[in-house]
Amino acid sequence: MPGFAVRPVLCRGGQGRRRYLPAAPWEPAFKALAGLIAAFLVFTFASGAEAAPLRIVAFGDSLTAGYGIPRSAAFPARLEVALRAKGLDVKVENAGVSGETASQGLARLDWSVPQGTDAVIVELGANDMLRGLDPAVTRKALTEIVQRLRKRGITVLLAGMKAAPNMGRPYREAFDKIFPDIAEAEGVLLYPFFLEGIAGDRALNLPDGLHPTPEGVDRIVAGILPTAEQLVVRARETAAR
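In this text the structure is predicted, and so the values were computed from the model without any measurement.

Some remarks on the pairing of strand β5 (residues 119-123)
Of all five residues in β5, five are buried; the element is thus mostly enclosed. The alternating pattern of β5 places Ala-119, Ile-121 and Glu-123 and Val-120 and Val-122 on opposite faces, both of which are buried. Bridge analysis of strand β3 (residues 54-60) against β5 gives five bridges, and the strand direction is parallel. Its bridge partner being in β5, Phe-59 is matched across the sheet by Val-122. Alignment of β5 against strand β6 (residues 155-159), held across four bridges, turns out to be parallel. Note on β6: the bridge partner recorded for Ala-119 is Thr-155.

What about the pattern of salt bridges?
Summed over all chains, the structure comprises eleven salt bridges. Across the pair Arg-148 and Asp-110 runs a salt bridge, and its minimum N-O distance is 2.9 Å. On the criterion of sequence distance, the pair formed by Arg-148 in helix α7 (residues 135-151) and Asp-110 in helix α5 (residues 109-112) is long-range, its members being 38 residues apart. For Asp-110, a relative accessible area of 47% corresponds to the partly exposed category. Through salt bridges with shared partners, one network takes in Glu-80, Arg-84, Asp-89 and Lys-91.

Brief notes about helix α9 (residues 178-186)
Taken together, the buried positions of α9 are occupied by Ile-178, Phe-179, Ile-182, Ala-183 and Glu-186. Down the axis of α9, the sector holding all buried residues measures 120°, keeping them to one side. The outward face of α9, more than 90 degrees from its buried face, is lined by the exposed residues Glu-184 and Ala-185. In the core, the buried residues of α9 are packed alongside α7, β6, α8 (169-176) and β7 (189-191). Following α9 by one or two positions, Gly-187 has its phi on the positive side, about 70°.

Thoughts on the sheet that holds β6
An order of β4-β3-β5-β6-β7 is seen for the five strands of this open sheet, with the pairing classed as parallel. Bordering the open sheet on either side are β4 (90-96) and β7, each of which pairs with just one other strand. Sheet twist, expressed as the average angle between the axes of neighbouring strands with direction ignored, equals 20°. Set on the sheet, α7 makes contact with β3, β5 and β6; between it and β5 the angle comes to about 175°. Of the strands in this sheet, β3, β4, β5, β6 and β7 are in contact with helix α10 (residues 214-240), which crosses β6 at around 160°.

A look at the packing of α7 against α9
At their nearest, the axes of α7 and α9 sit 10 Å apart, and the two run at 30° to each other. Classified by the angle their axes make, α7 and α9 are roughly parallel. When you trace α7 past α9, the crossing you get is right-handed. Judged by residue contacts, Pro-135, Thr-138, Arg-139, Leu-142, Thr-143, Val-146, Gln-147 and Arg-150 of α7 engage Ile-178, Phe-179, Asp-181, Ile-182 and Glu-186 from α9. Partitioned by chemical class, the residues of the contact of α7 with α9 number six nonpolar, three polar and four charged.

A short note on the confidence of the model for the protein chain
In this model, the protein chain carries a mean pLDDT of 87, and residues with pLDDT of at least 70 account for 79%. Overall, residues 1-21 carries pLDDT values under 50, and its contacts beyond four positions in sequence, including any with other chains, amount to 31 contacts. Taken as a whole, residues 39-49 scores under 50 in pLDDT and shows zero contacts with residues more than four places along the chain or in a different chain.

Some thoughts on the packing of aromatic side chains
By the definition in use, this model includes three aromatic pairs. A centroid spacing of 5.0 Å and a plane angle of 80° characterise the contact between Phe-75 and Phe-194, whose relative ring orientation is edge-to-face. Highlighted residues: Phe-75 in helix α3 (residues 75-85) and Phe-194 in the loop between β7 and α10, separated in sequence by 119 residues. Of the two residues, Phe-75 and Phe-194, both sit in the buried class. Measuring from centroid to centroid gives 5.7 Å for Phe-175 and Phe-179, while their planes differ by 65°, and the two rings are edge-to-face.

Conventions and cut-offs
- Residues numbered from 1 in each chain as written.
- Predicted model: local features only at pLDDT ≥ 70, side-chain atom pairs only at ≥ 80, totals over all residues.
- Heavy atoms only, no water.
- Buried < 20%, exposed > 50% of the residue type's maximum accessible area, 1.4 Å probe, protein only.
- Helix = DSSP H or I, 4+ residues; strand = E, 2+ residues; numbered from the N terminus.
- Pairing = 2+ DSSP bridges.
- Salt bridge = Lys/Arg side-chain N within 4 Å of Asp/Glu carboxyl O.
- Arc of directions from axis to C-beta.
- Contact = heavy atoms within 4.5 Å.
- Axes fitted to C-alpha atoms, helices over the stretch in contact; angles between N-to-C directions.
- Parallel < 35°, antiparallel > 145°, perpendicular 65-115°, else oblique.
- Left-handed = near helix turned anticlockwise from the far one by under 90°.
- Nonpolar A, V, L, I, M, F, W, Y, C, P; charged D, E, K, R; others polar.
- pLDDT = per-residue confidence, 0-100.
- Phe/Tyr/Trp six-rings, centres within 6.5 Å; stacked < 30°, edge-to-face > 60°.

And the structure:
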């Protein structure tokens, strides 16, 4: 019966009877207000989720950490600026540790890439090469890093490295194949050579000849930016599923 509510009414003898009585005048307004509040909360939380920046972790060694330069000039900070200039709402976190090998990165993976991470740029392997470590060991560690990230639903971009010419041809061939092989096998994005355009250029590297200057970092960012944009797109698609 529209506009009426069923309420128990106590009669003589203490026995309750159900009668149809007019609903209290405030009840329709209260129900309408409750509905509006519920809708507002749903909209607020949904909008907040959509507005949250995409969380990217740059996971690597000194090339990511920004050895010898201000943290604000390091790769993660400069990449965030470049992606935001493209209109992409992202937060790029610096999880670089100087001197680290791929195996050492694997050992700290879980606590370096926290829950809530949407995407990871894996930049490891340079120290493995400089120390002449067995490419099979590097391959195994990088493969496990990528697989564990993917199992967590995290989108991955693998930043490749190339062996120095003085490492000898057999070593170079074994090492250089690691990154494209893993990317193809695991179905992740690949940027073939992280130091593309700056390797060997004295003007874009610190006096040690190994680490980029701020200008060198900007060159790296310019090179990897299109692939990083693809990373953002893939991560957004994954989050929307």
